[in-house]
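Summary of the model geometry
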Amino acid sequence: MDTTRKLLLAAALSGTLASVQGMAADVDRKTVSINDRIPTAEQVAEAMFPREIQALKAECAAVEKAGMRCQSRIPKSSLDSVLVTFPRGSSELTGEAKGFLDSVGKALQAKESVWTSLRIEGHTDITGSPGVNERLSKDRAEVVKAYLVKNFKLKNVETVGRSSEQPKDTADPTSALNRRIEFVPEW
């Protein structure tokens, strides 16, 4: 009986640890911002799939192929931009946003064999009630997803509304920089 309890406890702790590590890895991510102009698909691909993370992933794959467990902590990568912002209270894409999304779509198509899914996170500034901001941030992510799916036939795209909980401009919580989209590929 003691052995069974110990095994169950060990399994529960192992699952909890894996879950906590997964959440930590998501928080511990390398975010690249492209803010100065509409980038090329190659610049977007480098931002979303940085070379150093690609090298770590390749190293881990080789270690695991040899039958060992990879001990490297590989951060997630993500891309955000002030070029995909929204007017206050709106989820309408601007022309500038569509130009940026065209580069994102082309980059994702070019790296289709690298990523398995994409999470699009919508953000708001602090203006508005928590309920309105939650709905608006989700709507923004959904509009971006619809654009990418329609124009680039992307699959395995999910959306998350982050409301105003992760401001980019912490000094000014009402800043337009906080009304944005972030792209988080799983690869």
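Note that the structure is predicted; figures quoted are calculated from it, not measured.

Moving on, we get to the packing of helix α2 (residues 41-48) against helix α4 (residues 95-110). Put simply, α2 and α4 touch, their axes get as near as 8 Å, and they point 65° apart. Looking at the two axes, α2 sits roughly perpendicular to α4. Handedness of the crossing formed by α2 with α4: right-handed. Contacts between α2 and α4 involve Ala41, Val44, Ala45 and Met48 from the former and Ser103, Val104, Lys106, Ala107 and Leu108 from the latter.

Glancing now at helix α3 (residues 51-65). Taking 1.5 Å per residue as the helical rise, α3 with its 15 residues ought to reach 21 Å, and the 21 Å between its terminal C-alpha atoms agrees with that figure. Once α3 finishes, Gly67 follows within two positions and takes phi at roughly 90°, a positive value.

Let us look at the confidence of the model for the protein chain. On average, residues of the protein chain score 83 in pLDDT, and 84% of them are at 70 or above. Per-element confidence in the protein chain is highest for strand β4 (residues 157-161), whose mean pLDDT is 97, and lowest for helix α1 (residues 2-27), whose mean pLDDT is 40. Note that pLDDT drops below 50 for residues 3-25; the model gives that stretch three contacts with residues more than four away or on any other chain.

Rules used throughout
- Residues numbered from 1 in each chain as written.
- Predicted model: local features only at pLDDT ≥ 70, side-chain atom pairs only at ≥ 80, totals over all residues.
- Heavy atoms only, no water.
- Axes fitted to C-alpha atoms, helices over the stretch in contact; angles between N-to-C directions.
- Helix = DSSP H or I, 4+ residues; strand = E, 2+ residues; numbered from the N terminus.
- Parallel < 35°, antiparallel > 145°, perpendicular 65-115°, else oblique.
- Left-handed = near helix turned anticlockwise from the far one by under 90°.
- Contact = heavy atoms within 4.5 Å.
- Expected span 1.5 Å × (residues − 1).
- pLDDT = per-residue confidence, 0-100.

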